[in-house]
Amino acid sequence: MDVDTEPPAPRDIASRIVTPGTLITSDPAYMRGHGTFVENTAIYSSVAGAVERINKLVSVRPLKQRYGGEIGDIIVGRITEVAAKRWRVDVNSRQDGVLLLSSINLPGGIQRRKSESDELQMRSFFAEGDLVFAEVQSYFADGALSLHTRSIQYGKLRNGTLVTVFPQLVPRSRNHFHSLPCGVDVVLGVNGYIWVSKHVPASTIEENSEMIYSDKNEFISDDERETIARIANCIQLLNRLYVKITDTSIIFAYEASLGHAVKDLLTQDIATDLAHAVNSRLDQQA
Amino acid sequence: MASLVLSPAEQDFIIRGIEKGFRGDGRGNLDRREVTLRTGMISQASGSARCRIGNLGVGTDVLVGVKAEVNAWTPGEPEALGSVVCNVECSPSAAQEFEGRGAEEINVELTQLLDRVISRGSQGAGGLDLSALCIIPKQAYWVLHVDALVLDVRGSIADALVMAARAALMDTRLPRVVVETITDDSGTAQAEFDVVDDAEDLVALKGVSGLPVAVTFNQVGKRYVVDASEQEEAVTQAKLTVAVSPALEICAIQKGGIFRGFQPSLMSEILQTAQRIAKEELTRFVALYEEAAKHKEQQSDGPSTGSTFLVAF
């Protein structure tokens, strides 16, 4: 489309939205970063996204990208395979992550040592299809993420439902587990998997360390079920209308949605209105 | 189609929700999702339609094209009827398990379903008028190739498939054929036909408005749901696709799911409910088709750039 004939002034380079092939700058002083390529000393964008400039480094952050995975990321994953002393976990990335048997909490106390019988009954901890709340510990040589659940709040997820969103809409923050005021717990996985569940008091979890791998849901009342569906729909509409998903934006969406029936939240008109309402409140707050 | 593996906790959550009549996205057991329909997007085809079942720009997406050909009659074929040949293919990009030969079984299942609903239906249950597709008896007839491509899967493929096929057939226009009887020197009369090569001189298919609509019922626990999402299909024990004509007659039934069967009493309840739901779906279809036709006329301005992610297709 618009091919610039003159290189833009330095302060104009950043935060432009570009498409693949757009000239960013032909000034040879700049170095190329991710999302760009060089032809005849000019830097062009190779992806569709926003231009970022740090000193002399020019890069383009794509609008849509596979979840990459950083050390320390809090994620939600689904077990795809049970292998020798490890599980393979789908983390919505280019490769499945790995959860080692030595990286999980064993029932009967955090300090319990791994025994041979644990190796033989790995499915009693996590089986195929289970959802796990974990943290990225490190990388393997091939780039696969190594996960761990060595903290009381991590582990198997139950009492709710999964919502899949674009990973770039979930910002990294200090806390990824939120107890919303409406009585629903939300786990915001940075990889785009979000778990919405009934609120379970933290004390209950600590008391029953034997039950941390249970598959049994608690009793969920009709009101709780409706609230979970409402929050799940709010997250889905925030996702489709490209609004950042944080506990704040979810709460704003929830409050704006109370005037509508749960099943209507995903219709185009109502969803667009709600997204606008959330954006206005977020702008006001900023 | 066990594509999605859910944890026991998720499955229990879904099943209990359905038992209470409150599904994961707040729908009741008989509520359906939004449908987007567009027609005439394949200019080389005689008719085409694309149907998506799902909300906010994501859903089960099926594209159907209809291509008409003239076939020479061979002995053994019906003497004065045209024919309809269906083929359904699931694109490997629709789901991971469709890669390579993974989609073979489901392609066959869906092709059989479409066949039952459209071409078998034409031979008696009030669908397409096949005799109108005959050009010259015992000589030439139109054959309609109905080709469907499943582009994305989020549950309820059968419903989207039949809706798209129905719309594509309604969108189909055949060139007009002129038939003349020529008497040669020895006195024998022979019929000859000529296909008029005028892009404006086109004829619609007869009997399309009699084509049925399909509604799929998935049994979950002791209840059943209509328009199941992918997650709900993962906990389905057995499913029944019922095709109902505008005259509210049952045209075709296909049972899917190899794990369990239906209780006969549940089946008759489902068939009754199918009539009621089909009536609503037929009304909705008329409105959707009109909107698609309007959209087709305005299409000349190029693609629309409305609310980014929610552009129709």
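Criteria and cut-off values
- Residues numbered from 1 in each chain as written.
- Chains lettered and ligands numbered in written order.
- Predicted model: local features only at pLDDT ≥ 70, side-chain atom pairs only at ≥ 80, totals over all residues.
- Heavy atoms only, no water.
- Core = buried A, V, L, I, M, F, W, Y, C linked by side-chain atoms within 4.5 Å.
- Buried < 20%, exposed > 50% of the residue type's maximum accessible area, 1.4 Å probe, protein only.
- Helix = DSSP H or I, 4+ residues; strand = E, 2+ residues; numbered from the N terminus.
- Contact = heavy atoms within 4.5 Å.
- Pairing = 2+ DSSP bridges.
- Salt bridge = Lys/Arg side-chain N within 4 Å of Asp/Glu carboxyl O.
- Axes fitted to C-alpha atoms, helices over the stretch in contact; angles between N-to-C directions.
- Buried area = accessible area lost by both parts, 1.4 Å probe.
- Polar contact = N/O pair within 3.5 Å; in protein donor to acceptor, adjacent residues only side chain to side chain.
- Nonpolar A, V, L, I, M, F, W, Y, C, P; charged D, E, K, R; others polar.

A. How the structure looks around the nonpolar core. Formed by 56 residues in total, the largest nonpolar core has its most connected members in Leu-114, Ile-118, Leu-128, Leu-144 and Leu-169 of chain B. If you tally residues by element for this core, the top one is helix α3 (residues 157–171) of chain B, at 11 residues. Not counting the four nearest positions on each side in its chain, Leu-144 of chain B is found in contact with Val-66, Lys-67, Ala-68, Ser-83, Val-84, Val-85, Leu-128, Leu-133, Leu-169, Leu-174 and Leu-205 of chain B. One finds Leu-180, Ile-194, Leu-238 and Tyr-254 of chain A within the second-largest nonpolar core, a separate group that totals 35 residues.

B. Representation of the pairing of strand β11 (residues 213–220) of chain B within the structure. Residue and element names in this part refer to chain B. Counting buried residues along β11, 8 of its 8 residues qualify, which places the element largely inside the surrounding structure. Where β11 meets strand β13 (residues 238–244), 7 bridges bridge the pair, whose relative direction is antiparallel. The partner of Asn-218 across the bridge, within β13, is Lys-239. Bridge count between β11 and strand β12 (residues 223–226): 4 bridges; the pairing is antiparallel. Bridge pairing in β12 places Val-220 opposite Arg-223. Two successive antiparallel strands, β11 and β12, enclose a turn made up of 2 residues, where Gly-221 displays a positive phi of approximately 65°.

C. Layout of the pattern of salt bridges. Under the definition given, this model contains 25 salt bridges over all chains. The partner of Lys-263 of chain A in a salt bridge is Asp-31 of chain B, and the shortest N-O contact between them spans 3.0 Å. In this pair, Lys-263 of chain A sits in the loop between α5 (247–257) and α6 (268–285) while Asp-31 of chain B sits in the loop between α1 (8–19) and β1 (35–39), so the two residues belong to two different chains. Classification of Lys-263 of chain A as partly exposed rests on a relative accessible area of 36%. Residues Glu-281 of chain B and Arg-32 of chain B are paired through a salt bridge, measuring 2.8 Å at the closest nitrogen-oxygen approach. Residue Glu-281 of chain B is located in helix α5 (residues 264–297), and its partner Arg-32 of chain B is located in the loop between α1 and β1; the two are separated by 249 residues in the primary sequence. Arg-32 of chain B sits in the partly exposed class, given a relative accessible area of 22%. What emerges from the salt-bridge pattern is a single network uniting Asp-25, Arg-27, Arg-33 and Asp-227 of chain B.

D. Inspection of the sheet that holds β13 of chain B at higher detail. All names here are of chain B. Read from one edge to the other, the open sheet built from 4 strands follows the order β12-β11-β13-β14, with strand pairing classed as antiparallel. Strands with a single pairing partner mark the edges of an open sheet, and in this sheet they are β12 and β14 (250–256). Pairs of neighbouring strands in the sheet enclose a mean axial angle of 25°, with direction left out of account. Strand contacts of α3: β11 and β13, with the helix running at about 180° to β11, the strand carrying the most contacts. On the sheet, α5 packs against β11, β12, β13 and β14 and is oriented at approximately 140° with respect to β11.

E. Looking closely at the interface of chain B and chain A. Opposite the 26 residues of chain B that make contact, chain A presents 35 residues. Of the roughly 2,500 Å² buried between chain B and chain A on both sides combined, carbon and sulfur atoms contribute 59%. Counting the contacts that link chain B with chain A gives 3 salt bridges. As a salt-bridge pair, Asp-222 of chain A and Lys-20 of chain B come within 2.9 Å of each other at their nearest N and O atoms. Remark: the boundary between chain B and chain A carries 10 residue pairs in polar contact (both at pLDDT 80 or more). Classifying every residue of the side of chain B that touches chain A gives 10 nonpolar, 7 polar and 9 charged.

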